[in-house]
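Descriptive structure summary
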Amino acid sequence: MIRIVDILRALSDDKAFILFNSIALGDGHDFTNLIKKMGITPHQYYSRILRITKAGLVKREKGKYVTTVLGNVVYDAVSTVGTALDHYWALKVIESFQTSTTSHSNENVTKLIDTLIDDHKIKKILTSSVVSGA
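The structure reproduced in this document is the subject of the present report. Since the structure is predicted, the reported quantities are computational estimates derived from the model, not experimental observations. Residue positions are counted from 1 within each chain, in the order its sequence is given. Totals for whole chains, interfaces and linings use all residues, but because this is a predicted model, local features are given only for residues with pLDDT of at least 70 and pairs of side-chain atoms are given and counted only at 80 or more. Side-chain calculation: all heavy atoms of the structure are included, whereas hydrogens and water are not.

With a 1 Å grid laid over protein atoms only, a set of points is called a cavity when a 1.4 Å probe fits there but cannot get out and a pocket when it is open yet has protein on both sides within 12 Å along at least five of seven lines; lining residues have an atom within 4 Å of a point. Grid points are joined across faces, edges and corners, and a volume is the space filled by probe spheres set on the points. For the largest pocket, the calculated volume is near 220 Å³. Together, Ile4, Ile7, Leu8, Leu11, Phe17, Val74, Ala77, Val78 and Val81 line the largest pocket. Where helices and strands are cited, they refer to DSSP runs of H or I of at least four residues and of E of at least two residues respectively, numbered from the N terminus. Looking at the lining of the largest pocket, the elements with two or more residues in it are helix H1 (4-11) and helix H5 (69-86). Considered class by class, the residues forming the lining of the largest pocket number 9 nonpolar, no polar and no charged. Three classes are used: nonpolar for Ala, Val, Leu, Ile, Met, Phe, Trp, Tyr, Cys and Pro, charged for Asp, Glu, Lys and Arg, and polar for all others, with Gly counted as polar.

The next point concerns the packing of aromatic side chains. Pairing of aromatic rings covers Phe, Tyr and the six-membered ring of Trp, with a centre-to-centre limit of 6.5 Å; geometry is then stacked below 30 degrees between planes, edge-to-face above 60, and tilted otherwise. Applying the stated criterion to the full structure yields 5 aromatic pairs. With a centroid separation of 4.8 Å and an interplanar angle of 75°, the aromatic rings of Phe31 and Tyr45 are classed as edge-to-face. Separated by 14 residues along the polypeptide, Phe31 in helix H3 (residues 31-38) and Tyr45 in helix H4 (residues 42-54) bring together distant segments of the chain. When a residue's accessible area, from a 1.4 Å probe over protein chains only, is under 20% of the maximum for its type it is buried; when over 50% it is exposed; and in between it is partly exposed. A residue is classified by how much of its surface remains accessible, and Phe31, at 26% relative accessible area, is partly exposed. Ring-pair connections join several aromatic residues into one group, and the members of that group are Phe31, Tyr45 and Tyr46.

In structure tokens form, the structure reads like this:
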């Protein structure tokens, strides 16, 4: 059984992470160009491919590597984290507002989120945590 720690370990190396993203975006089929662009040796490429394959994130199909269904879910989750990092300072403002205002209402926090965050997925995560009180 694959565990979360197996997935995180497989992607914890910068080059493995870039390789996984390249495959998820459909750019992982040109082995020679990919290793040249990444600045790694064929051995380094295959050791990373093996790790992300064992973690269940990619598979070989018709001569090229593609993401598995689990890989698609992980890619989406990683993309969400990337989007959250793009909004880092807005998230800090929201957090600061929540902790500094003793009488803030859920409505005011939600208005702040609507004003500062333009990504619908991040907005939904934040507003659901406001409503639940998390």
